[in-house]
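So you can see what is in the structure, the chains are spelled out below.
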Amino acid sequence: MTNALAAPPEASVRAALRSPRLLRTEVLAGLVVALALIPEAISFSIIAGVDPRIGLFASFTMAVAISFLGGRPAMISAATGAVALVIAPVMRDHGYDYLIATVLLGGLIQVALALAGAARLMRFIPRSVMVGFVNALAILIFEAQVDHLVDVPWLVYPMIAVGIAIIVGFPRINHVIPAPLVAIVALTAFVVIGAIDVPDVGDEGQLPDSLPTWFLPDVPFTLDTLQVIAPYALAMAVVGLLESLLTAKLVDDITDTHSDKTREALGQGGANLITGFFGGMGGCAMIGQTMINVKVSGARTRISTFLAGVFLLILVVGFGDVVAIMPMAALVAVMVMVSVGTFDWHSIRPATLRRMPKSETTVMVSTVVVTVATHNLAIGVGVGVLVAMTLFARRVAHLTTTQRELVEDEHGPTAIYRVSGELFFASSNDLFTQFDYAGDPDRVVIDLADAHIWDASTVASLDAITTKYERKGKVVTITGLNAASAERHERLSGELPSP
């Protein structure tokens, strides 16, 4: 599905402007994305409980703003379902002005999180969570198309099949024009020429006929207002940043390039602020449209992102009547193929599952299941990370060993316990049971030369071991501590309750 004439990974805006071939790729990619954005933005507006123009204007301002402010070229940001779900209760319970105030506060929180270094937390998300994230998004993209397949004229189904066939087969004939664009134009022409009555974009909601204007929410600047909007603004900021940074990492992998995650986080905050001041519902990165732009159409620069926003505005305001007659079957065909292309099929092959550690598969599956069940990427990824952390701690804890040796010297018998491995809450809790308190001689040495103390739980366990020996009149000496472990043990020993 990847465009053979995609710009090379290192292509810049300047290089694309100088090359007619690369510029054509960026322009056509932006047009295809704009067409795909229209029904999505309308649908997300309905989820948020606002007029369709609010979602469409948000998609325009987000795309244009992030093309300048963002840190990941060619990534598409617009109104999204994740953000719509978070802010919908504000619109329902408090009205439009409070919703816009929430979007503005959410943008400010994103800027603050970016300046605080939130983007660096991406390194703590394991690969298995990323695979689960991608697979869950593919499933959600496909699931979103199901509504357009129920209670529709029978002709919709062959039209979707034809659209998919065009998207799959056209690149074998021509690599210049994006196949999704050909599918949309061909099916629209078929419907118009044949005067066929099937669901179209116009059925999704009324398209705007004017440009967005400056808007300031009419809400009191009081603590009560802050208490109303702050929880939703924080949730919006976290969900938006998480989805955007994960999508940026995915695009990094696809294009073999690096992006500035901190700039992307700042850009998302700035784009939401701009969107809020133009009365938009806010948004974040869109995985589906980004895959259309990068993977299907082959775009690599900010030009395609900028043009996606510009084309969107031109299409809905200047050519709304034409856009309204586009059959939804054509856009469903595009999104189905995006779903197929997004899913990591290699991750579920029997050979892969046999080779992959069960813990990795468990993390991936848990991420997918929770994300699909909740329709919330933040919850799904959060659960995936927690499962990964728990399984990792369990594996590392089992690598800790304790060996006992009884030696004789001029002072008499001594029991030496040599502990190796990483000592933290998961492993140190079992450490207490590894000693023969009754059978050991009066002198005991705990050798930690091959171990490392990571937390207070380990210090508390060592204190408990020492205390139990002392109650039996035996002397314990702890040796072999490295500098960090010795500092932590000296600072906390005797200050913690026994486990």
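This text goes with the structure placed above it.
Quick caveat, the model's predicted, so the values are computed rather than measured.

### A closer look at the packing of aromatic side chains
Given two aromatic rings, one states the distance between the centres and the angle between the planes to describe the pair.
Then, number 1: In this structure the tally under the stated criterion is 11 aromatic pairs.
Then, number 2: Judged by centre distance (5.8 Å) and plane angle (80°), the ring pair of Trp 214 and Phe 278 falls under edge-to-face. Pair noted here: Trp 214 is in the loop between helix H8 (179-194) and helix H9 (223-255) and Phe 278 is in the loop between helix H10 (261-277) and strand E2 (284-285), with a separation of 64 residues, a long-range link.
Then, number 3: Plain terms: the ring middles of Phe 435 and Tyr 437 are 6.2 Å apart, the flat faces sit at 40° to each other, and that makes the pair tilted.
Then, number 4: Exposure remark for Phe 435: the relative accessible area of 7% places this residue in the buried category.
Then, number 5: Among the aromatic residues, those joined into a ring-pair cluster are Tyr 417, Phe 432, Phe 435, Tyr 437 and Tyr 469.
Then, number 6: Positioned over the ring face of Tyr 437 is Lys 468, at 4.5 Å from the centre of the ring.

### Re the sheet that holds strand E6 (residues 475-479)
Then, number 1: The 4 strands lie next to each other as E3-E4-E5-E6, forming an open sheet whose pairing is mixed. Unpaired on one side and paired on the other, strand E3 (401-409) and E6 mark the two borders of the sheet. Direction aside, the axes of adjacent strands within the sheet are offset by 20° on average.
Then, number 2: For strand E4 (residues 412-423) and strand E5 (residues 443-453), the ladder comprises 9 bridges, and the chain directions are parallel. Residue pairing for E5: Gly 421 is matched across the bridge by Ala 451.
Then, number 3: Taken strand by strand, helix H20 (residues 483-492) contacts E5 and E6, and its axis lies near 120° from that of E5.

### What about the side chain of Thr 257?
Then, number 1: By the secondary structure assignment, Thr 257 is in the loop between H9 and H10.
Then, number 2: Looking at Thr 257, its side chain comes within polar contact range of the side chain of Arg 72, at 2.9 Å.
Then, number 3: Within the structure, the side chain of Thr 257 is placed 2.6 Å from the side chain of Thr 255, a separation counted as a polar contact.

### Examining helix H7 (residues 156-169)
Then, number 1: With 14 residues, H7 should reach 20 Å at 1.5 Å per residue; the first-to-last C-alpha distance of 20 Å fits that figure.
Then, number 2: Looking at H7, one finds that the buried residues are Val 156, Met 159, Ile 160, Gly 163, Ile 166 and Ile 167. Each buried residue of H7 lies within a common arc of 120° when the element is viewed along its axis, so the set occupies one face.
Then, number 3: Packing partners of the buried residues in H7 comprise H8 and helix H14 (328-342).

### Some thoughts on unusual backbone geometry
Then, number 1: Backbone geometry at Ala 74 places phi at a positive 80°, although glycine is not the residue there.
Then, number 2: Structurally, Ala 74 is set in the loop between helix H3 (52-69) and strand E1 (77-78).
Then, number 3: Backbone geometry at Asp 256 places phi at a positive 55°, although glycine is not the residue there.
Then, number 4: Inspection of the secondary structure puts Asp 256 in the loop between H9 and H10.

### Some details on the pairing of E6
Note on strand geometry: in a regular strand, side chains alternate between the two faces of the sheet.
Then, number 1: Looking at chain direction, E5 and E6 are connected through 5 bridges and run parallel. Following the sheet pairing, Arg 443 is matched in E6 by Val 475.
Then, number 2: Viewed along the sheet, the connection from E5 through helix H19 (residues 456-471) into E6 turns out right-handed.

### Things to note about the packing of helix H2 (residues 20-48) against helix H4 (residues 81-94)
Then, number 1: Viewed as axis vectors pointing N to C, H2 and H4 meet at an angle of 30°, and their least axial separation amounts to 7 Å. Considering the angle they form, H2 stands roughly parallel to H4. For the pair H2 and H4, contact is made by Phe 44, Ile 47 and Ala 48 and by Gly 81, Ala 84, Leu 85, Ala 88 and Met 91, respectively.
Then, number 2: Among the residues making up the contact of H2 with H4, the classes are represented as 7 nonpolar, 1 polar and no charged.

### A closer look at the environment of Phe 124
Then, number 1: Residue position: Phe 124 is located in the loop between helix H5 (96-115) and helix H6 (127-146).
Then, number 2: The exposed category is assigned to Phe 124, whose relative accessible area is 53%.
Then, number 3: Along the chain, Phe 124 and Val 385 lie 261 residues apart, while their C-alpha atoms are 8.1 Å from each other.

### Observations regarding the environment of Leu 313
Then, number 1: Position of Leu 313 relative to the elements: it lies in helix H12 (residues 302-318).
Then, number 2: Separated by 104 residues in the primary sequence, Leu 313 and Asp 209 have C-alpha atoms spaced 9.8 Å apart.
Then, number 3: The residues touching Leu 313, leaving out its near neighbours within four places in the chain, are Phe 57, Phe 60, Leu 211, Pro 212 and Gly 318.

### A short note on the environment of Thr 257
Then, number 1: Given a relative accessible area of 14%, Thr 257 falls into the buried group.
Then, number 2: Between the alpha carbons of Thr 257 and Glu 490 there is a distance of 46 Å; along the sequence they are 233 residues apart.

### Remarks on the nonpolar core
Then, number 1: With 98 residues, the main nonpolar core has Ile 38, Ile 125 and Met 281 as its most contacted residues.
Then, number 2: In terms of nonpolar packing, the next biggest core, distinct from the first, is built from 18 residues, Ala 415, Val 444, Val 476 and Leu 492 among them.

### A closer look at empty space enclosed by the protein
Then, number 1: Throughout the structure, instances matching the rule amount to 3 cavities of 30 Å³ or more.
Then, number 2: One number sums up the size of the second largest cavity: a volume of about 40 Å³.
Then, number 3: Taken together, Ile 66, Ser 67, Gly 70, Arg 72, Pro 73, Ala 74, Met 75, Glu 264, Arg 302 and Thr 305 make up the lining of the second largest cavity.
Then, number 4: Secondary structure elements with two or more residues in the lining of the second largest cavity: H3 and H12.
Then, number 5: Grouping the constituent residues of the lining of the second largest cavity by class yields 4 nonpolar, 3 polar and 3 charged.

Reading the values: rules and limits
- Residues numbered from 1 in each chain as written.
- Predicted model: local features only at pLDDT ≥ 70, side-chain atom pairs only at ≥ 80, totals over all residues.
- Heavy atoms only, no water.
- Phe/Tyr/Trp six-rings, centres within 6.5 Å; stacked < 30°, edge-to-face > 60°.
- Helix = DSSP H or I, 4+ residues; strand = E, 2+ residues; numbered from the N terminus.
- Buried < 20%, exposed > 50% of the residue type's maximum accessible area, 1.4 Å probe, protein only.
- Lys NZ or Arg CZ within 6 Å of the ring centre and 35° of its normal.
- Pairing = 2+ DSSP bridges.
- Axes fitted to C-alpha atoms, helices over the stretch in contact; angles between N-to-C directions.
- Contact = heavy atoms within 4.5 Å.
- Polar contact = N/O pair within 3.5 Å; in protein donor to acceptor, adjacent residues only side chain to side chain.
- Expected span 1.5 Å × (residues − 1).
- Arc of directions from axis to C-beta.
- Right-handed = clockwise from strand over helix to strand, strands pointing away.
- Parallel < 35°, antiparallel > 145°, perpendicular 65-115°, else oblique.
- Nonpolar A, V, L, I, M, F, W, Y, C, P; charged D, E, K, R; others polar.
- Core = buried A, V, L, I, M, F, W, Y, C linked by side-chain atoms within 4.5 Å.
- 1 Å grid on protein atoms, 1.4 Å probe; cavity = no way out; pocket = protein on both sides within 12 Å on 5 of 7 lines; lining within 4 Å.
- Points joined across faces, edges and corners; volume = space filled by probe spheres on them.

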